[in-house]
Amino acid sequence: MRIEDYLDLVGAEPIARIYAIARRMYQLRVLNVNATYHGGGVAGMLQTIVPLLNEIGLDVDWSLLYGEPDLFQATKKLHNGLQGEHVTISDDEIALYLRISEAFARYTPIMHDAVIVHDPQPLPMIAYRDKEGPWIWRCHIDLSNPNEDVWEQLKPYVLRYDAVVVSSESFKKPDLPVDTHVIPPAIDPFSAINRLLTSTEVDAKLAEYGIPRDKPLIVQVSRFDKWKDPLGVLEVFSRVRKETDTRLVMLGNMASDDPEGPMIYEQVVKRAAALSDVHLITATDPVLVNALQRAATVVMQLSLKEGFGLTVSEALWKGTPVVATNVGGIPLQIEDGKTGYLAAPQDYETMSARVLDIINDPALRTRLGEAGRDHVREKFLMPRLLTDWLTLLKQVILP
Ligand code: UDP
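Residues numbered from 1 in each chain as written. Predicted model: local features only at pLDDT ≥ 70, side-chain atom pairs only at ≥ 80, totals over all residues. Heavy atoms only, no water.

Describing the nonpolar core
Ile 49, Ile 136, Leu 292, Trp 389, Leu 390 and Leu 393 are the most contacted members of the largest nonpolar core, which totals 71 residues. Apart from the residues lying within four places of it in its own chain, the contact partners of Leu 292 are Leu 206, Ile 211, Leu 217, Val 219, Val 249 and Leu 251. Counting residues in each nonpolar core, the second largest holds 40 residues, with Leu 71, Met 125, Ile 126 and Val 158 among its members. (Core = buried A, V, L, I, M, F, W, Y, C linked by side-chain atoms within 4.5 Å. Buried < 20%, exposed > 50% of the residue type's maximum accessible area, 1.4 Å probe, protein only. Contact = heavy atoms within 4.5 Å.)

Points about the pattern of salt bridges
Applying the stated criterion across every chain, the model contains 32 salt bridges. Of the charged contacts in the structure, one is a salt bridge between Lys 76 and Asp 225, with a shortest N-O distance of 3.3 Å. Here Asp 225 lies in the loop between β7 (217–221) and α8 (230–243) and Lys 76 lies in helix α4 (residues 69–82), a separation of 149 residues in the sequence. Here the two residues Lys 76 and Asp 225 agree in accessibility, since each one is buried. Ionic pairing is found between Lys 155 and Glu 152, a salt bridge with its closest N-O pair at 3.9 Å. (Salt bridge = Lys/Arg side-chain N within 4 Å of Asp/Glu carboxyl O. Helix = DSSP H or I, 4+ residues; strand = E, 2+ residues; numbered from the N terminus.)

Overview of the site of the ligand
Among the 15 residues in the neighbourhood of the ligand, the closest are listed as Gly 41, Arg 223, Lys 228, Asn 253 and Glu 314. Measuring from an oxygen atom of the ligand, one finds a side-chain N or O atom of Lys 228 at 2.8 Å. In the environment of the ligand, an oxygen atom lies 2.8 Å from a nitrogen or oxygen atom belonging to the backbone of Asn 253. For the ligand, the protein covers 87% of the area, taking 550 Å² as the surface of the free molecule. The dominant element in the shell around the ligand, judged by the number of residues it contributes, is helix α11 (residues 310–317), at 3 residues. Grouping the constituent residues of the shell around the ligand by class yields 5 nonpolar, 6 polar and 4 charged. (Near = heavy atom within 4 Å. Polar contact = N/O pair within 3.5 Å; in protein donor to acceptor, adjacent residues only side chain to side chain. Areas by Shrake-Rupley, 256 points an atom, 1.4 Å probe, with all protein chains shown as cover. Nonpolar A, V, L, I, M, F, W, Y, C, P; charged D, E, K, R; others polar.)

Some details on the sheet that holds strand β9 (residues 278–281)
Pairing in this open sheet of 6 strands is parallel, and the strands run β9-β8-β7-β10-β11-β12 from one edge to the other. Bordering the open sheet on either side are β9 and β12 (341–343), each of which pairs with just one other strand. Going across the sheet, the axis of each strand differs from the next one's by a mean of 20 degrees, ignoring polarity. Bridge analysis of β7 against strand β10 (residues 298–301) gives 2 bridges, and the strand direction is parallel. The residue bridging Ile 218 from the neighbouring strand is Val 298, located in β10. Each of β7, β8 (247–251), β9 and β10 is contacted by α8, which is oriented at about 170 degrees to β8, the strand it contacts most. (Pairing = 2+ DSSP bridges. Axes fitted to C-alpha atoms, helices over the stretch in contact; angles between N-to-C directions.)

Describing the environment of Gly 309
Tracing the backbone through its elements, the reader meets Gly 309 in the loop between β10 and α11. According to the relative accessible area criterion, Gly 309 is buried, its value standing at 7%. Separated by 259 residues in the primary sequence, Gly 309 and Val 50 have C-alpha atoms spaced 20 Å apart.

A few points about helix α9 (residues 261–272)
For α9, which comprises 12 residues, the first-to-last C-alpha distance of 16 Å matches the rise-based estimate of 16 Å (1.5 Å per residue) to within 8%. For α9, the complete set of buried residues consists of Gly 261, Ile 264, Tyr 265, Val 268 and Ala 272. In an axial view of α9, the angular spread of the buried residues amounts to 105 degrees, which keeps them on one side of the axis. In α9, the exposed positions angled more than 90 degrees off the buried face are occupied by Met 263 and Lys 270. As for α9, its buried residues are in contact with α8, β8 and β9. (Expected span 1.5 Å × (residues − 1). Arc of directions from axis to C-beta.)

Here we look at the side chain of Gln 220
Tracing the backbone shows Gln 220 in strand β7. The residues touching Gln 220, leaving out its near neighbours within four places in the chain, are Lys 228, Val 233, Val 249, Met 250, Leu 251, Met 300, Gln 301 and Leu 302.

A short note on helix α10 (residues 286–295)
Counting buried residues along α10, 7 of its 10 residues qualify, which places the element largely inside the surrounding structure. Leu 288, Val 289, Asn 290, Ala 291, Leu 292, Gln 293 and Ala 295 are the residues of α10 that are buried. Elements that come into contact with the buried residues of α10 comprise α7 (199–208), β7, β8, β9, β10 and α11. If you check the start of α10, you find a side-chain oxygen 3.1 Å away from the backbone N of Val 287, and it comes from Asp 285.

Things to note about the sheet that holds strand β5 (residues 163–166)
Spatially, the 6 strands line up as an open sheet ordered β2-β1-β3-β4-β5-β6, and their pairing is parallel. Every interior strand has two partners, whereas the edge strands, β2 (59–64) and β6 (180–182), have only one. For this sheet, the mean angle separating the axes of adjacent strands, direction not counted, is 20 degrees. The pairing of strand β4 (residues 135–138) with β5 spans 3 bridges and is classified as parallel. Residue pairing in the sheet places Arg 138 in a bridge with Val 165 of β5.

A few points about the packing of α4 against helix α6 (residues 148–158)
In contact at an axis separation of 8 Å, α4 and α6 are set at 115 degrees when each is read in the N-to-C sense. When the interaxial angle is binned, α4 and α6 end up roughly perpendicular. Crossing handedness for the pair α4 and α6: left-handed. Of the residues in α6, those touching α4 at Leu 78, Gly 81 and Leu 82 are Val 150, Trp 151 and Leu 154. Partitioned by chemical class, the residues of the contact of α4 with α6 number 5 nonpolar, 1 polar and no charged. (Parallel < 35°, antiparallel > 145°, perpendicular 65-115°, else oblique. Left-handed = near helix turned anticlockwise from the far one by under 90°.)

Side note on the packing of α4 against helix α5 (residues 91–107)
When two helices pack together, their arrangement is given by the angle between the helix axes and by the axis-to-axis distance. The N-to-C vectors of α4 and α5 enclose an angle of 105 degrees; their axes lie 9 Å apart at closest approach. One element, α4, and the other, α5, form an angle in the roughly perpendicular class. Judged by residue contacts, Asp 70, Leu 71, Ala 74, Thr 75, Lys 77 and Leu 78 of α4 engage Glu 93, Leu 96, Tyr 97 and Ile 100 from α5. When grouped by side-chain class, the residues that make up the contact of α4 with α5 number 6 nonpolar, 1 polar and 3 charged.

Here it is in structure tokens:
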């Protein structure tokens with residue numbers, strides 16, 4: 001993985017800027033801590049950005065908070081609470097949450113110039129460690145309207161951090177007097193999910209999973225998570241089907257730190273039984289993600305809440321139009337009517353109308369797809385993310 005690989009995509013100037021910022025940062029040691037190596041957008045992004053930062057000359061590590069199922073039951077509640085749901089977290093769950101962070105903080109070698117802690121799972125670590133450099137809390141969740149009890153419980157830990165990073169301006173917290181920065185995520189165009197595939201490869205991958213190419217394909221790629229509104233996807237599909245013959249694929253693997261996945265999947269299976277031409281797939285297969293986003297006539301992302309929604313940029317990068325909800329980081333990626341279509345969460349009428357518009361108008365599909373790809377090239381590829389992180393790290397480590 002080399003930063004020069006991006007030359008043809010973004011030109012020389014952004015690459016030169018990255019090297020220029022990194023110039024006084026060689027060998028600075030940075031540790032990332034999160035809770036899963038696979039499943040979900042955070043792990044996917046770390047898999048690319050960590051090697052790239054090392055290639056540029058920093059010394060960047062990635063450690064995994066070792067959890068157990070009970071911990072992830074508790075931290076999923078915290079996650080749901082931060083997204084605004086009313087949750088009840090027992091004292092035992094909080095005690096477990098703190099105990100695991102404490103053990104991890106005490107026994108993990110941390111001799112770094114900066115520590116980046118991702119999301120709520122490892123957040124309290126900071127309270128159990130003598131700091132030797134700045135710590136940054138990188139919160140990938142939409143914090144704009146949290147359950148106040150959960151936020152008040154976590155806030156004392158957040159206050160200890162030297163900086164907070166969120167994905168969108170709208171997630172900044174007025175009641176948080178910590179230096180807060182906005183760094184939207186980005187995709188890796190060379191990963192298995194995004195690399196160029198030939199049409200033969202796309203066909204072969206769909207055939208492998210028994211998905212015929214006989215009619216327009218509607219796709220949602222998302223963990224089976226209630227926040228991604230999988231039942232809403234079925235609702236939109238059933239409305240569209242009344243007007244035109246289509247096929248739906250919902251692909252969702254299970255993240256190791258999301259214990260709710262299997263239960264939500266069961267609900268979707270039950271509801272989908274009443275519909276034909278629905279394919280539900282739980283395989284972990286990044287090339288299948290790639291092939292589906294390319295083969296789709298329309299990609300949907302109907303999230304009720306969304307930190308960013310990397311799947312949106314992934315589909316746009318492939319020139320496939322997206323119909324999505326106007327929540328979290330999605331409006332950064334989709335300008336309604338220009339780089340895709342937006343609708344309010346659960347506004348299934350508008351969503352199905354937009355999906356039909358795209359299916360019925362190939363020229364519209366091409367126009368939205370091209371504008372979407374240009375937008376991602378400009379804003380949501382790795383060089384922009386590297387620039388933002390190097391700038392922030394330089395500011396906090398070498399003020
Ligand atoms: N993804 C995947 N397989 C799946 C579902 C999702 O590889 O079955 C990938 C998806 O392509 C994207 C990431 O997981 O890269 C999900 O990131 P996003 O920001 O959309 O949502 P999150 O899961 O982090 O809430």
